[in-house]
Amino acid sequence: MSAPVTLHLRIDGRVQGVGYRAALQREALRRGLRGWVRNRTDGSVEAVLHGPGDACDQVLAWARRGPPAARVAAVQATAIAAARSELPVGFECRPTA
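In short, a report on the structure. (Residues numbered from 1 in each chain as written. Predicted model: local features only at pLDDT ≥ 70, side-chain atom pairs only at ≥ 80, totals over all residues. Heavy atoms only, no water.)

Structural notes on the packing of helix H1 (residues 20-30) against helix H2 (residues 53-63)
- Packing of H1 against H2 brings their axes to within 10 Å, and their N-to-C directions diverge by 155°. One element, H1, and the other, H2, form an angle in the roughly antiparallel class. For the pair H1 and H2, the sense of crossing is right-handed. Of H2, the residues touching H1 (which contributes Tyr20, Ala23, Leu24, Glu27 and Ala28) are Val59, Trp62 and Ala63.
- Partitioned by chemical class, the residues of the contact of H1 with H2 number seven nonpolar, no polar and one charged. (Axes fitted to C-alpha atoms, helices over the stretch in contact; angles between N-to-C directions. Helix = DSSP H or I, 4+ residues; strand = E, 2+ residues; numbered from the N terminus. Parallel < 35°, antiparallel > 145°, perpendicular 65-115°, else oblique. Left-handed = near helix turned anticlockwise from the far one by under 90°. Contact = heavy atoms within 4.5 Å. Nonpolar A, V, L, I, M, F, W, Y, C, P; charged D, E, K, R; others polar.)

Printed below as a string of structure tokens:
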């Protein structure tokens, strides 16, 4: 297992109204990651992933494709410093921000 990392993602394209958040949540939970995902008012999706680096990389690779109905134009991924206490237990869908 690789060292834990925390990534902030911003996903642009046709990623709202296509099941993107729920699908990303399933992918993250399947790999044992903590964090959250939410829609943004500008039409993008934002997420924070925390866990083993290899698992985060797998979800990042998935995020670049998304679910079948999505059309991902771009994914920005930034490593951030986040205290474990700031992250939810598990992986949650949050309200639009």
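Here's the deal with the sheet that holds strand S1 (residues 4-14)
- Spatially, five strands are ordered S4-S1-S3-S2-S5 in an open sheet, and the strand pairing comes out mixed. Each having just a single partner strand, strand S4 (71-79) and strand S5 (91-93) make up the two edges of the open sheet. For this sheet, the mean inter-axis angle between neighbouring strands, taken without regard to orientation, is 20°.
- One ladder, built from six bridges, connects strand S2 (residues 34-39) with strand S3 (residues 45-52); its direction is antiparallel. Opposite Trp36, over in S3, you have Val48 as the bridge partner. (Pairing = 2+ DSSP bridges.)

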